[in-house]
Amino acid sequence: MTKSVTIGELARALDARCWGDETLSVTGAAEPSAAGPVGPDGGVIAMAMSSEYARALQPGSMAILAEGMDPAEYDLKAAIFAPRPRLLMAGLTRAFDPGPDIAPGIHPSAVIDPTAQIGAGAAIGPLAVIGPEVRIGDNARIGPHVCIGKATAIGHDAIILAGAKIAQGVTAGDRLIVQPGAVIGGDGFSFVTPEESGIEEIRRTLGPRDRIVQQHWTRIHSLGGVDLGDDVEIGANSSVDRGTIRATRVGSGTKIDSLVQIGHNVVIGEDCLICGMAGIAGSARIGNRVVLAGRVGVNDNIEIGDDVIAGGASKIFTRVPAGRVILGNPAVKMETQMEIQKALRRLPRFAQQLAKLQETVTRLMEKG
Amino acid sequence: MTKSVTIGELARALDARCWGDETLSVTGAAEPSAAGPVGPDGGVIAMAMSSEYARALQPGSMAILAEGMDPAEYDLKAAIFAPRPRLLMAGLTRAFDPGPDIAPGIHPSAVIDPTAQIGAGAAIGPLAVIGPEVRIGDNARIGPHVCIGKATAIGHDAIILAGAKIAQGVTAGDRLIVQPGAVIGGDGFSFVTPEESGIEEIRRTLGPRDRIVQQHWTRIHSLGGVDLGDDVEIGANSSVDRGTIRATRVGSGTKIDSLVQIGHNVVIGEDCLICGMAGIAGSARIGNRVVLAGRVGVNDNIEIGDDVIAGGASKIFTRVPAGRVILGNPAVKMETQMEIQKALRRLPRFAQQLAKLQETVTRLMEKG
Amino acid sequence: MTKSVTIGELARALDARCWGDETLSVTGAAEPSAAGPVGPDGGVIAMAMSSEYARALQPGSMAILAEGMDPAEYDLKAAIFAPRPRLLMAGLTRAFDPGPDIAPGIHPSAVIDPTAQIGAGAAIGPLAVIGPEVRIGDNARIGPHVCIGKATAIGHDAIILAGAKIAQGVTAGDRLIVQPGAVIGGDGFSFVTPEESGIEEIRRTLGPRDRIVQQHWTRIHSLGGVDLGDDVEIGANSSVDRGTIRATRVGSGTKIDSLVQIGHNVVIGEDCLICGMAGIAGSARIGNRVVLAGRVGVNDNIEIGDDVIAGGASKIFTRVPAGRVILGNPAVKMETQMEIQKALRRLPRFAQQLAKLQETVTRLMEKG
């Protein structure tokens, strides 16, 4: 947060309205309690987009307020009004982001294969490993301990943070962001037994097993790669497996959080949000603009339609039509889940009512 | 996929029947839509083991078909018949797998302790770290940024991919495969308070707590290692903790997927399949040929018998007898879970029926 | 386990009572079956704190027993009595822990920025990367392939194991332990759409969506860091995201297990236990001495009071008052969950009873 702009310039950059002294210098943003009065060299601007946060505002400071709030009430020197606070937050944090912690240039300790093509202006951090035939786009920034495998191609302006491992045969579009420790292109988890396995048997019978055979697992190798579109982000310590015959695919604009597992052959559409600890099993197909909240699980080989939203910790066992909002384990329509939950909480009382009713009816019978 | 064989040779290697021109050269495998007509130098073979996939077959191409399908119908030049498609897939992908992306020989940037013993033909990638007294078997391939700790012993033909961390005092059999970012031998998560903790209290009382004490956690150190059998595979960014006094153990032939957590002192039998994001808490004992589907959780200190299959996202809180198929949170027999789910979906209707019945009975009572 | 003490010294160090020949030399600890009779140079001590374990004790060996057990019954040469076995285990394992597998001194292959300040006695392993302005306390031990970003400050006696990635702008107190592969300070997962997104819509309406708009996600950058107190432990391949404007915080004495995800802006109190695969979504606030068992999920923006204990795989969607013991998905009071589970198992029978009762009442009505 070493950049500095006037609050007027900042407001214009954020396409927002400014109030008060537009010439004050802004050097960063903070919570209201950490944003003191503006000094001679300016100061940080307080994020106070709700009246709850605004209570901690300090007199003489600058703030970002929600529309309808009164800067005079808080004795501010200047303010920016946010019509859509989270959107303004995006612009503001981008304005003050010093960029990734990767120094310009190619660090001498990086091990770069002579056949790799590194784009103009790209930075490569200490002890990174860039394999043969790799292509890295212009202005990409590759962090320390990153490994990029043979013939992988990454677009321009990528940010690959410390320790991320991108295997051979991966292709990625522009502006890829990979958080530390993420793995792209590990082998798929795909095994087969010589004869029908217990899993195949119960998927067929849906019942108890009659015959248990001792068998070893034979590996199905992963010959496919991983294809990522433009503007994809992969979270810390997440894993995207390579495909068996063709590539596992993640569409443009899709964002994947930390500790997420994407299985082999999965196809994810564009502009999806796959939140922390979600998991998508092999060969599942996810539409566009799908949101999987934290810990959502998707069964293998099923299809999730466009614009589906799955609430936190939902477990999806069967296909979901486009546009549906689902929740629960197993996931059902959100309204249905709400009703089930309500009924569940009343279930112990139901049991009592039923028992009592039975008694009453028995007495009625005896009387009758 | 740079190898090339004739389709006749391939069929014989796969122990499968060949149809058509057995001399055509196969250079790889692909989905039907990506497998064009055979050219003068051969071509890739289409995987079309179901009529759904076969629809995309291109005239003049080669394909793998299921028994009973007719190659002439698709105008193929040659075909291989797969009696058990997934098994054939295993052989086929093995045949065309170019092997891991690790160059032969020992890269000069690797840091190898002089007391380490590296087997004949073993490859060690750039910037790997091999500690003192480590033993690595013949033909092992160790990827870039891999770290192997003091006195760890790994059998022959191991494949340890980029960035995997194997701590000190681990032993592994032959043909170990470790995917990128996996950790083997992190410390167990084991803490104790000076007096009874809240967890111990509620495990004893199963009720609300009467007395809450402020206590700090004292660490129980992990002096044991990890023992892996032959043919074990550990997935990307998974973690297998070391034992407290003795080793955590994974039996031969057991395959572990990505983002799986195996706690300290756990014992897993042979030929198990532990799917993505499953977790096994400390000191649990898992039998042979157990299948834990994706996201299955196993409580600490419990026992899962041989041949148990736990469906997706099951949470197992108590011991499970051998051979059982279970599902749900908490996990119960699959049939029971199916019945519970069915009843749950009807629960809101039950509530209505019960209310209505109560009314009717009240009216009957009044009448009587 | 190369240290050696007499069993008498060990008992005194553990503040426990010793029986038998106090001069025998102890070189380590093991399970009873692996602890043979004491030889001329001493031997390992058997951990036999329950009569179940004690059955495997070998005559002539040394053991740790629970109070009330009789060493003569097992023909032991010496014994230590553990009034609280797990607590004694902590002392015992600490006594024999040889410490982390990191050689003293600074390895020449480490890449250390000249502006970094390394404390006296600190060890830095092969191929570690220490960024500019980093401060590392005295006697810290930094493993191979660890990366520490710009201006991060770590207290004394830290143990950072192989491949852990600590980003820029992180501060940590003393005695920090970071297991292999953990990531501290990855970017938060925070995105916004120009207009209301589907998630915002359903959080507002709790119902099906009337209007689906195609929108891209705009990133909210993470300008905050991560602040860790004293005596914090972070597990293998876990991830703690940095904050948006202020730091994500983990209080002193809090222990975090493997494959745990802590979202941006989260505040965790002191002396908490966050077990394997638990996840805490963005901006949640967790009190002191909270225990989240394995796989517990905490929704974003909610508050968990002091001393809350959440049982295995609980999913917490709403605020939880201090001291409560909760279980289930969605999590409710443990007693309530127990009742719900009991009723659930009887649910199929309820359905039958209800149907039968309905029949009876119908017959009564007809008769009446």
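Worth saying up front: this structure is predicted, and the values here are computed from it rather than measured.

Section: the overall build of chain A
Stage number 1. Scanning chain A from terminus to terminus reveals 6 helices and 38 strands.
Stage number 2. With the principal axes as the frame, chain A shows a C-alpha extent of 90 × 75 × 30 Å.
Stage number 3. Counting all 368 residues of chain A, 61% fall into the buried class.
Stage number 4. Excluding contacts between residues fewer than 6 apart, the proportion of contacts in chain A whose partners are at least 24 apart in sequence is 21%.
Stage number 5. Counting every atom, chain A has about 14,000 Å² of accessible surface; 51% of that belongs to carbon and sulfur.
Stage number 6. Of the charged side chains in chain A, 36 are positive and 40 negative, and the gap between their average positions amounts to 8 Å.

Notes on the interface of chain C and chain B
Where interface size is given, it is often the accessible area lost as the parts come together that is meant.
Stage number 1. At the interface, 70 residues of chain C touch 78 residues of chain B.
Stage number 2. Both faces considered, chain C and chain B share a buried interface measuring about 5,900 Å² in area, 69% of it formed by carbon and sulfur atoms.
Stage number 3. At the boundary of chain C with chain B, the tally comes to 3 salt bridges.
Stage number 4. A salt bridge links R84 of chain C to E200 of chain B, with the nearest nitrogen and oxygen atoms 2.7 Å apart.
Stage number 5. Elements supplying a minimum of two residues to the side of chain C that touches chain B: β3 (25–30), α3 (85–96), β26 (255–256), β29 (273–274), α5 (334–345) and α6 (347–367) of chain C.
Stage number 6. Residue contributions to the side of chain C that touches chain B peak at 9 residues, all from α6 of chain C.
Stage number 7. Of the residues assigned to the side of chain C that touches chain B, the class counts are 39 nonpolar, 16 polar and 15 charged.

A short note on the UniProt feature "active site" (unreviewed entry) in chain A
Residues and elements named next belong to chain A.
Stage number 1. Mapped onto this numbering, the UniProt entry gives "active site" (unreviewed entry) at H264.
Stage number 2. With respect to the helices, strands and loops of the structure, H264 is situated in the loop between β27 (261–262) and β28 (267–268).
Stage number 3. Not counting residues within four places of it along the chain, the set of residues in contact with H264 comprises G188, F189, S190, D241, R242, G243, T244, T248, G282 and S283.

What to know about the interface of chain C and chain A
Stage number 1. Taken together, the contacts link 78 residues of chain C with 70 residues of chain A.
Stage number 2. Taken together, the two surfaces of chain C and chain A that pack against each other cover about 5,900 Å², and 69% of this comes from carbon and sulfur.
Stage number 3. Counting the surface chain C buries against chain A, the share from its top three residues, F189, L223 and I245 of chain C, is 13%.
Stage number 4. Put simply, chain C and chain A have 3 salt bridges between them.
Stage number 5. Among the salt bridges present, the one from E31 of chain A reaches R246 of chain C, with a minimum N-O distance of 2.9 Å.

Structural notes on the relation of the copies chain C and chain B
Each of the two copies of the chain can be brought onto the other by a rotation about an axis and a shift along it.
Stage number 1. Rotating chain C by 120 degrees and translating it 0.1 Å along the rotation axis places it on chain B, where the RMSD comes to 0.1 Å. Given the turn and translation reported, the copies of this chain are related as if by a three-fold rotation axis. Taking C-alpha positions as reference, the residue of chain C nearest the rotation axis is N237 of chain C, located at 3.7 Å.
Stage number 2. Here only 20% of the interface residues in chain C have copies in chain B that are interface residues too; the copies meet through unlike faces.

Some thoughts on the pattern of salt bridges
Two side chains of opposite charge can pair, provided their charged atoms sit close to one another.
Residues and elements named next belong to chain B.
Stage number 1. Per the counting criterion, the structure on display carries 33 salt bridges over all chains.
Stage number 2. Ionic pairing is found between R219 and D187, a salt bridge with its closest N-O pair at 2.9 Å. Linking R219 in strand β21 (residues 218–219) with D187 in the loop between β19 (183–186) and β20 (191–192), this pair joins segments that are 32 residues apart in sequence.
Stage number 3. According to the relative accessible area criterion, R219 is buried, its value standing at 14%.

Notes on the sheet that holds strand β30 (residues 279–280) of chain A
Residue and element names in this part refer to chain A.
Stage number 1. Reading across the sheet, the 10 strands line up as β7-β10-β13-β16-β19-β24-β27-β30-β33-β36 and stay open at both edges, with parallel pairing between neighbours. Unpaired on one side and paired on the other, β7 (111–112) and β36 (315–316) mark the two borders of the sheet.
Stage number 2. In this structure, β27 lies alongside β30, joined through 2 bridges in parallel fashion. Residue pairing for β30: Q261 is matched across the bridge by G279.

Brief notes about α6 of chain C
Stage number 1. Here α6 of chain C contains 21 residues, and its C-alpha end-to-end distance of 30 Å stays within 8% of the 30 Å for a straight helix at 1.5 Å per residue.
Stage number 2. Three or more residues of α6 of chain C are buried, namely L347, P348, F350, A351, L354, L357, T360, V361 and L364 of chain C.

Overview of the relation of the copies chain C and chain A
Stage number 1. Rotating chain C by 120 degrees and moving it 0.0 Å along the rotation axis overlays it on chain A with an RMSD of 0.1 Å.
Stage number 2. Comparing interface residues between copies, only 18% of those in chain C also sit at the interface in chain A, which points to a heterologous contact through distinct surfaces.

Some details on the pairing of strand β6 (residues 78–82) of chain B
All names here are of chain B.
Stage number 1. Counting buried positions along β6 yields 5 of 5 residues, so the element is predominantly enclosed.
Stage number 2. Residues of β6 alternate between two faces, with A78, I80 and A82 on one and A79 and F81 on the opposite face, all of them buried.
Stage number 3. Pairing of strand β2 (residues 17–20) with β6, which is carried by 4 bridges, proceeds in the antiparallel orientation. Residue pairing in the sheet places G20 in a bridge with A78 of β6.
Stage number 4. Sheet topology note: the strand β5 (residues 62–66)/β6 ladder contains 5 bridges and is parallel. Bridge pairing in β6 places I64 opposite I80.

Focus on the packing of helix α5 (residues 334–345) of chain B against helix α6 (residues 347–367) of chain B
All names here are of chain B.
Stage number 1. Packing of α5 against α6 brings their axes to within 4 Å, and their N-to-C directions diverge by 55 degrees. Accordingly, the angle class assigned to the pair α5 and α6 is oblique. Contact residues: α5 offers A343, L344 and R345, while α6 offers L347, P348 and F350.
Stage number 2. Considering only residue class, the contact of α5 with α6 consists of 5 nonpolar, no polar and 1 charged.

Here's the deal with the side chain of D174 of chain C
Stage number 1. Mapping D174 of chain C onto the fold places it in the loop between β17 (170–172) and β18 (177–178).
Stage number 2. Contacts of D174 of chain C, omitting those with residues within four sequence positions, involve G155, H156, D230 and D231 of chain C.

A closer look at the UniProt feature "coiled-coil region" (unreviewed entry) in chain A
Stage number 1. Annotation from UniProt places "coiled-coil region" (unreviewed entry) at residues 340–367 of chain A.
Stage number 2. For the annotated span residues 340–367 of chain A, helix accounts for 96% and strand for 0% of the residues, and the straight-line distance between the end C-alpha atoms is 37 Å.

Re the domain arrangement of chain A
Stage number 1. Taken domain by domain, chain A holds domain 1 (5–96) and domain 2 (105–181).
Stage number 2. The centre of domain 1 of chain A, based on its C-alpha atoms, is set 38 Å off from the matching centre of domain 2 of chain A.

Calculation criteria
- Residues numbered from 1 in each chain as written.
- Chains lettered and ligands numbered in written order.
- Predicted model: local features only at pLDDT ≥ 70, side-chain atom pairs only at ≥ 80, totals over all residues.
- Heavy atoms only, no water.
- Helix = DSSP H or I, 4+ residues; strand = E, 2+ residues; numbered from the N terminus.
- Buried < 20%, exposed > 50% of the residue type's maximum accessible area, 1.4 Å probe, protein only.
- Contact = heavy atoms within 4.5 Å.
- Areas by Shrake-Rupley, 256 points an atom, 1.4 Å probe, with all protein chains shown as cover.
- Lys, Arg positive; Asp, Glu negative; His and termini not counted.
- Charge placed at Lys NZ, Arg CZ, Asp CG, Glu CD.
- Buried area = accessible area lost by both parts, 1.4 Å probe.
- Salt bridge = Lys/Arg side-chain N within 4 Å of Asp/Glu carboxyl O.
- Nonpolar A, V, L, I, M, F, W, Y, C, P; charged D, E, K, R; others polar.
- UniProt positions renumbered as here; feature names shortened; annotations may be inferred.
- Least-squares fit on C-alpha atoms with pLDDT ≥ 70 in both.
- Pairing = 2+ DSSP bridges.
- Expected span 1.5 Å × (residues − 1).
- Axes fitted to C-alpha atoms, helices over the stretch in contact; angles between N-to-C directions.
- Parallel < 35°, antiparallel > 145°, perpendicular 65-115°, else oblique.
- Domains from an automatic or database assignment.

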